[in-house]
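Examination of the molecular architecture
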Amino acid sequence: MNVLQSISLRRHHATARQWTLVATALVCCLLTVRGLQAQSVASPEQRIDHDIKYLSSDALEGREPGSPGIEKAATFIIDEFKAFGVKSGTSDGTYRQPFTINMGTSVDSGKTKLVFEYSGAEESSAGEGSSLEFKINEQFQPLMIGDSGEASSAQVVFVGYGIEDTENNYLEYRDLDVAGRVVVFIRIEPQQQNPDSVFAGAENSPNASISRKLELAKEKGAVAAILVNDHVRAPDEESDELSQPALFGRGGAGIPFIQLKRSAFEQLLAKSPLVTADGKEVTTLAEIEGLIDETLEPLSQPVANWTVTAVSAFSANEVTTNNIVGIVEGEGPHADETIIVGGHYDHLGFGGYGSNAPGRVEIHNGADDNATGTAGVVELARRFAISEKKPGRRIVFIAFSGEERGLLGSAYYVENPLFPIDKTVAMINYDMIGRLRDDKLTIFGTGTSAMFDDVLDKANDPQNPLELDKQASPFAGSDHMAFVRVQIPVMFLHTGLTEIYHTP
């Protein structure tokens, strides 16, 4: 039995009359969308055309949640609902269902710092000491796989590559106490360019994993960790680049984690060289890596006379955004039941998160995704609101926000429904419906109700039929999925991806 078959859909047990009423309402929705191109008067087509062009215009700047652009889109949808008599679906009459989402974590540069203090005997008799305060984004960078936190005046301990490999007896923490201290380790692992390396040849072994190194440092009691680039990535100062804060992932390490440039760390070694087993002083990372590669003997030890205060600070960029909710009430014996017609109106703003054009900081207009679906929802709301005949059930029209951040708006609605979930009999989702090719329309979720196949066949115009690609499974990434999880039958209408999906 597949996942879809294992879902218990209580609406399958509805009476034939109840399902006939549901089917009638759904047919009306689908026929309305299909009928737009058949209008002899251009008014509905002009409305749809205008809506898509406006919602995807540069003036709306890609409709990212929390931005002025998405606020313009929300205001537009509300104004259209009001103009056509679509009532507010919220008790305060604003049409807005607000919720908060995290747009990502950013480095708090004002609080983040990295300061080393030297207390060696050769400092001046005036007792001035020696302090090295490094600059964020120039000499160091906090990394988001580590957590916010502070290590204050902690001893600095060099732990080589930060590896404990018992199979190869390569134990860089052996006989070393790092509890309450800050460890410094090199990226990747020894002999990484040696095809005969005891680790994994020229491939990276699990020892090279940043998450494993951090986990080990925490297990050993370190209060923070500092990363320096290996010589393969940084053979010289020019190539020694700082990583983006989110490169290795976000959170979970349990200790602050900072990348420091090699040249910066070597300022410490210049005053406090590492010492080999035979008494040789080593002041550069290149020498250290060469010795470890040659001998496969750890060179772990405290960096004498140096303490560090490391503060890694991140802040969540939380914004408030809104689902826009309008209703057209039904009439008759099932008027207290609800059909939801929805589509998301947010998009990607200027790119970044979710973009298929990495590095391009330009407006991602989102005409198909999902100005088209939003225009469809708004037009359906207009049509039902001005119709002389009321639908047999309440229809709730929702423009969801936060879809591009993880289907957040629809999830919020299901968790905080404005109309009872147990009286919600179906959900129709319009997402990316503007790229119809070869008259082929894909509908996900047709297997979530025994009635949907018949509904779709009746809605299809026999004189000008679409090729209906019926997908019984509802599992596709869009806002209907929140309703699937609470066992509400769904249909997701979609005209397919293109090469410009999630790009400027």
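This section reports on the structure supplied with the text. (Residues numbered from 1 in each chain as written. Predicted model: local features only at pLDDT ≥ 70, side-chain atom pairs only at ≥ 80, totals over all residues. Heavy atoms only, no water.)

This part covers the sheet that holds strand E5 (residues 140-142). Strand order across the open sheet formed by eight strands is E4-E3-E14-E6-E9-E10-E11-E5, with mixed pairing between neighbours. Looking at which strands have only one partner, the edges of the open sheet turn out to be strand E4 (130-133) and E5. Going across the sheet, the axis of each strand differs from the next one's by a mean of 30°, ignoring polarity. As judged from the three bridges shared by strand E10 (residues 224-228) and strand E11 (residues 257-260), these two strands associate in the parallel manner. Residue pairing across strands places Ile226 opposite Ile258, the latter belonging to E11. Lying on the sheet, helix H5 (residues 210-219) is in contact with strand E9 (182-186), E10 and E11; it crosses E9 at an angle near 155°. (Pairing = 2+ DSSP bridges. Helix = DSSP H or I, 4+ residues; strand = E, 2+ residues; numbered from the N terminus. Axes fitted to C-alpha atoms, helices over the stretch in contact; angles between N-to-C directions. Contact = heavy atoms within 4.5 Å.)

Before going further, it helps to spend a moment on the packing of aromatic side chains. Enumeration according to the criterion identifies 12 aromatic pairs in this entry. Aromatic rings pair up to connect Phe400, Tyr413 and Phe483 into one cluster. The ring centre of Tyr118 lies 5.3 Å from the NZ or CZ of Lys271, which sits over that ring. The ring of Tyr353 has Arg405 lying over it, and the distance from NZ or CZ to the ring centre is 4.1 Å. (Phe/Tyr/Trp six-rings, centres within 6.5 Å; stacked < 30°, edge-to-face > 60°. Lys NZ or Arg CZ within 6 Å of the ring centre and 35° of its normal.)

The N-to-C vectors of helix H6 (residues 262-271) and helix H7 (residues 285-295) enclose an angle of 90°; their axes lie 10 Å apart at closest approach. Judged by the angle between their axes, H6 and H7 are roughly perpendicular. Contacts between H6 and H7 involve Arg262, Phe265, Glu266 and Leu269 on the former and, on the latter, Leu285, Ala286, Ile288 and Glu289. (Parallel < 35°, antiparallel > 145°, perpendicular 65-115°, else oblique.)

What follows covers the environment of Glu403. One can find Glu403 in the loop between strand E17 (394-400) and helix H9 (408-415). In this structure, the C-alpha to C-alpha distance between Glu403 and Tyr345, residues 58 residues apart in sequence, is 8.2 Å.

The next point concerns the packing of helix H3 (residues 43-55) against helix H4 (residues 68-83). As a packed pair, H3 and H4 sit with axes 11 Å apart at the nearest point and diverge in direction by 160°. The angle between H3 and H4 falls in the class roughly antiparallel. Contacts between H3 and H4 involve His50, Asp51, Tyr54 and Leu55 on the former and, on the latter, Lys72, Ala73 and Phe76. Looking at side-chain class alone, the contact of H3 with H4 contains four nonpolar, one polar and two charged residues. (Nonpolar A, V, L, I, M, F, W, Y, C, P; charged D, E, K, R; others polar.)

This part takes up a negative patch on the surface. Residues Asp236, Glu237, Glu238 and Glu241 make up a contiguous surface patch of negative charge. Topologically, Glu241 is positioned in the loop between E10 and E11. You can call Glu241 exposed: its relative accessible area is 58%. (Patch = residues over 30% accessible without salt bridge, like charges linked within 9 Å, V, L, I, M, F, W, Y side chains within 5 Å. Areas by Shrake-Rupley, 256 points an atom, 1.4 Å probe, with all protein chains shown as cover. Salt bridge = Lys/Arg side-chain N within 4 Å of Asp/Glu carboxyl O. Lys, Arg positive; Asp, Glu negative; His and termini not counted. Charge placed at Lys NZ, Arg CZ, Asp CG, Glu CD. Buried < 20%, exposed > 50% of the residue type's maximum accessible area, 1.4 Å probe, protein only.)

In an α-helix, one turn spans 3.6 residues, which is why side chains three or four residues apart end up on the same side. Here H3 is 13 residues long and its end C-alpha atoms lie 18 Å apart, about the 18 Å a rise of 1.5 Å per residue gives. Those residues of H3 not exposed but buried are Pro44, Arg47, Ile48, Asp51 and Leu55. Looking down the long axis of H3, one finds its buried residues gathered within 95° of arc, a one-sided arrangement. Relative to its buried face, H3 has exposed residues pointing more than 90 degrees away, namely Gln46 and Lys53. Looking at the packing, one finds that the buried side of H3 touches H4 and helix H8 (367-386). (Expected span 1.5 Å × (residues − 1). Arc of directions from axis to C-beta.)

A large share of strand E16 (residues 338-344) lies buried, amounting to seven of its seven residues. Of the two faces of E16, the one holding Thr338, Ile340, Gly342 and His344 and the one holding Ile339, Val341 and Gly343 are both buried throughout. Relative to E17, E16 is paired through seven bridges, and the arrangement is parallel. Pairing of Val341 across the sheet is with Phe397, part of E17. After leaving E16, the chain enters H8 and then returns to the sheet as E17, a path that is right-handed. Where E16 lies against strand E18 (residues 424-430), five bridges are found, and the strand directions are parallel. By the bridge assignment for E18, Thr338 is matched with Thr424. (Right-handed = clockwise from strand over helix to strand, strands pointing away.)

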